[in-house]
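Fold and contact review
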Amino acid sequence: MDTTASKRKPAGQAAAPRNLNKPKKRDSLKKASAVLLDSAEITKLPGFVLQQYLKGRASGLYIEEPTGEPGSVQHFFIRGTSVPLISARSAYETQPTVVVDGIPVISEDHPFAYDIQQYDFTRIGPATNLLGNLDLDNIASIEVLKDFSESGKYGPRAANGIIYITTKKPGSQKKISFNTYIGVATPNSVTTLNGASENNFRKPFYTKYATKDQKQSIAPYLRDSLYNVYYGPSNWTDLYYKNALQYNANISVSGGNKNTAFRIAVGNGRSSGVADGTALTRFNAAMALDMQPAKWLDLTISFDGTQLLRDRNKNLRDRFADVRYLPDLTNPVSPNKLYYGQYLNEYNKSFDNNKSNIADGYLNSKLTFGKFTVNTRLAVDYREGYRDEFFPSTLLETNSYVANYFGYDQRVVINNTISYKTDWRKTHFLELEAGQDLQMDTYRYNYGYAYHGTSDYIKLNIFDSPTTPTLAFFSYNPTLGFLNTLSYRFVDQTKNNLESFYANANYRYQDKYQFSLMLRADGSSNQQPTSRWFYSPILSATWHIKNDLLKANSTINMLDAKASYGFAGHVQQDDRFAAGPQYTVDIGYTNEPRLGTYTGDATLNRPYTAGWVGYGIPWAYVEQLNAGLDIALWKNKLQASVDFYSRTDHNELINVPGFAEYGYASAVMPGMKINNTGVDAEITAELLPVKSKLKWTSSVNINYNHNELKALPGGLSQIVIGTHLLRVGNAVDQYWVFQNQGIYNNSAEVPLNPNTGSPITFQGIPFQAGDPKWKDNNGDYTVDNNDKVLKGHSMPVVSGGFNNDFRYKNWGLAINMYYNLGRNIVNQDMAKRFDFINQESTNNINAVKEITFWEKRGDYGRYPIYNPWSPVIPYRTDQDLFLENASFIKMRSLSLSYDLTSFFARKKSTISKMLIYTSISNVFTITPYTGRDPELVDYTGYDTGYGQPIARTYSIGVKMDL
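Residues numbered from 1 in each chain as written. Predicted model: local features only at pLDDT ≥ 70, side-chain atom pairs only at ≥ 80, totals over all residues. Heavy atoms only, no water.

The next subject is unusual backbone geometry. Only a minority of non-glycine residues have a phi that is not negative, and only a minority of peptide bonds are not trans. Positive phi outside glycine occurs at aspartate 276, with the angle close to 65°. Tracing the chain through its elements places aspartate 276 in the loop between strand S11 (260–272) and strand S12 (279–294). Looking at aspartate 276, the relative accessible area reads 7%, which means it is buried. With phi around 55°, lysine 908 is a residue other than glycine that occupies positive phi space. Note that lysine 908 resides in the loop between helix H14 (901–906) and strand S45 (913–926). (Helix = DSSP H or I, 4+ residues; strand = E, 2+ residues; numbered from the N terminus. Buried < 20%, exposed > 50% of the residue type's maximum accessible area, 1.4 Å probe, protein only.)

Dropping the structure here:
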């Protein structure tokens with residue numbers, strides 16, 4: 001651990017006030033294990049949420065942006081994944097901790113609400129990106145901490161890495177800053193379809209394979225070519241895709257005197273989507289106050305408040321999943337502007353209001369007595385969300401719907417540290433620190449919905465009235481009697497308390513050798529009583545080779561070798577595992593994944609569908625080894641850093657199929673072990689001579705990551721969970737698919753089983769002409785799951801960014817690019833297009849057709865014409881026919897700026913700094929993927945077609961200091 005460089009302030013350590021509160025000095029090198037991004041870099045690209053800015057900025061950090069819809073949740077992954085990404089819960093468990101000024105904030109709503117949902121397309125409530133509260137204009141620096149020597153002080157919260165954010169602090173000199181930009185996002189051009197083009201697409205299938213009855217059972221909306229609703233003009237795009245306004249404005253005032261400094265900032269911004277009227281609006285205010293009432297006492301008070309308003313999409317699938325009601329899906333929405341507009345007019349009679357209020361604050365005291373320092377901090381992070389919905393009966397076959405949601409995530413952190421520093425004869429430097437952390441989390445929601453209101457003009461759902469039961473009911477009115485209004489209510493809460501104690505010792509000898517040892521004890525309320533505590537050491541060492549052996553070398557400015565090894569516990573996020581065998585409340589008479597009861601009243605049941613939970617569940621933990629080299633040459637003109645790492649997650653929980661004789665679908669068992677091994681590297685170079693008027697700084701970062709499943713519970717070699725096969729020795733992000741080798745054009749091409757003389761079969765069904773050739777890998781003349789192979793990766797094998805900054809006099813040009821390589825996508829959107837027979841044969845959620853059904857995507861000609869009526873389901877997604885290479889390189893942004901500071905200095909203006917700029921984001925993408933955009937995929941690796949486009953945005957802005 002490099003103690004010569006100033007580090008981030010851990011929980012409990014205050015920012016010093018007044019003249020002590022200067023920007024932190026660090027080694028000029030950006031270390032691969034602790035990537036630093038300062039405010040100058042952050043403001044080069046107008047960005048509305050943190051994830052959008054960080055893409056491609058730090059090696060080892062991979063960010064998903066599955067949709068361009070503003071306000072939607074985006075996931076981080078640092079150095080791979082610690083568990084298989086099978087569900088929204090598993091994606092949540094792999095997220096790094098975001099720390100803002102020492103506060104580990106709640107960056108995502110707890111997934112325990114998914115337990116009452118039939119579909120996990122989106123979580124109940126506003127489901128807003130909670131990091132949208134961070135106005136980038138208020139951020140001074142961002143660090144991505146991957147090495148335990150840097151992040152170990154956060155214990156279990158560092159298990160998946162740390163993203164440490166330092167906000168701008170008060171200053172003793174008066175300063176007014178104003179930053180703003182305005183822009184427009186533009187939609188891509190699309191090729192529209194109507195009934196005629198859809199009929200032409202299907203004609204080859206009907207001509208080649210359809211029987212007489214099948215030809216007569218064509219989809220109803222395609223039967224009449226004179227029916228203008230579907231065969232008329234396809235001109236719906238103007239009502240769906242539109243240019244979208246983007247803006248953000250932030251003003252801050254700071255100042256103070258000898259003993260007191262303050263900073264106040266307020267802002268307002270809006271990020272609008274180019275599709276379906278989506279948007280995220282933010283109102284934020286921040287206040288920080290540093291005081292020094294005595295030389296030995298520093299006090300810091302900080303508060304941030306934000307309100308996020310989200311305009312959600314109008315997807316039929318998401319609405320039906322939320323409403324839990326499927327109308328007749330025989331006919332899709334019309335592609336004609338007139339009829340689609342009529343539908344939107346009915347939709348506008350509904351409302352879907354989503355609001356999130358976020359408040360963060362802390363009070364910190366720092367006492368200094370000689371070489372001793374005592375810090376005490378009380379921090380609170382509170383995030384509440386509201387969603388109110390109403391859909392009139394005209395949208396749901398005379399069945400109106402109303403719903404209300406309120407939920408909150410609350411975190412309280414109490415931290416105390418004491419430290420001692422001594423420097424003996426400038427030879428031996430010793431720092432000792434002991435600390436205590438208490439983190440108390442509470443997650444709660446109150447959710448209710450009702451059907452069949454008495455009138456579309458009555459849009460209230462009052463659950464707290466004296467006559468309203470809390471479960472399903474037919475409501476009673478004293479005048480009208482019983483009304484046919486069916487309502488449901490859900491209330492749930494989960495808690496997690498984390499108590500930690502740690503001791504840390506740092507020793508440095510003559511700026512040549514450094515050693516650090518940390519010992520921790522962490523106790524979690526979510527662990528079982530027999531393993532409540534986890535004890536972990538972290539050891540790190542740095543050899544400053546330049547200071548030791550190469551002092552006289554003028555070419556090498558810095559050369560450090562470093563290594564670290566340690567452990568961090570992985571806290572279970574759900575309290576259901578803490579007590580062993582359990583019961584659940586099943587309310588019945590609903591489509592939620594619950595067991596029904598005879599009367600519809602709430603009862604206690606064993607969690608048969610969720611899985612048996614037994615005793616003896618230990619702490620899951622991360623073991624990480626890191627070794628690296630940092631170098632700077634030619635007066636720091638060339639800087640490079642490389643880190644080799646091996647991270648192993650032990651004792652992770654997984655549902656193992658079993659216990660069927662007791663009625664359980666599975667058992668929750670520990671023992672899964674996953675290893676991520678890789679390399680992080682970063683290079684930054686000044687590429688032109690010092691005397692050149694043109695300055696060119698180029699930097700590239702790269703991460704290579706290989707993951708492997710090392711063990712499963714009970715010594716199992718493999719298990720099947722849904723559509724996933726987890727096999728020891730293979731990566732956990734691979735797809736389990738059949739290998740497609742073409743088509744059987746006629747019956748003579750279908751191989752015969754020499755033992756029976758019968759055609760080869762697919763799960764007992766004989767192959768016929770028009771069926772796919774799926775490889776029979778085990779040679780048993782039947783194709784089944786035993787013939788599937790693990791193939792591809794849903795996460796990139798290689799990822800990173802490439803940035804170039806040019807400066808000539810007052811002009812600046814910044815080019816930001818990033819890339820993913822070795823990543824694959826299942827083009828489910830295309831598979832559904834070809835599987836139209838099965839999609840339309842049943843009235844289920846997969847049969848929903850959005851207005852974007854009338855949009856041509858991809859190349860239809862690259863797929864074989866199979867028999868869509870075949871019982872083998874030729875266009876199924878679990879085959880490599882739809883598994884595509886989704887590697888890409890993207891120009892993230894292009895920004896041109898002009899610095900007017902010198903002009904105002906000559907005029908002796910009150911303006912001390914001024915920069916104007918214009919930028920283009922999402923400039924272009926180079927990819928072999930045939931779908932719309934290789935980014936529009938979530939943790940599942942499936943391109944469902946529901947991701948809204950990430951739009952090209954043009955903006956102009958100004959940054960000014962007074």
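So, on to a nonpolar patch on the surface. A contiguous nonpolar surface patch, about 400 Å² in accessible area, is contributed by Ile251, Ile264, Val266, Met287 and Phe303. Along the chain, valine 266 falls in strand S11. Residue valine 266 is classed as partly exposed on the basis of its relative accessible area, which comes to 41%. (Patch = residues over 30% accessible without salt bridge, like charges linked within 9 Å, V, L, I, M, F, W, Y side chains within 5 Å. Areas by Shrake-Rupley, 256 points an atom, 1.4 Å probe, with all protein chains shown as cover. Salt bridge = Lys/Arg side-chain N within 4 Å of Asp/Glu carboxyl O.)

Take helix H10 (residues 337–347) next. Those residues of H10 that fall on the buried side of the exposure criterion are Tyr340, Gly341, Tyr343, Leu344 and Tyr347. Projected down its long axis, H10 shows its buried positions confined to an angular sector of 155°, all on one face. On its buried face, H10 is in contact with helix H8 (237–240), helix H9 (316–323) and strand S15 (372–391). Looking at where H10 begins, the residue whose side-chain oxygen comes 2.9 Å from the main-chain nitrogen of leucine 338 is asparagine 336. (Arc of directions from axis to C-beta. Contact = heavy atoms within 4.5 Å. Polar contact = N/O pair within 3.5 Å; in protein donor to acceptor, adjacent residues only side chain to side chain.)

The three strands are arranged S35-S34-S37 in an open sheet whose pairing can be described as mixed. This sheet does not close on itself; its edge strands, each paired only once, are strand S35 (765–766) and strand S37 (782–783). As paired elements, strand S34 (residues 761–762) and S37 share two bridges and run parallel to each other. Of the residues in S37, the one forming a bridge with phenylalanine 762 is valine 783. (Pairing = 2+ DSSP bridges.)

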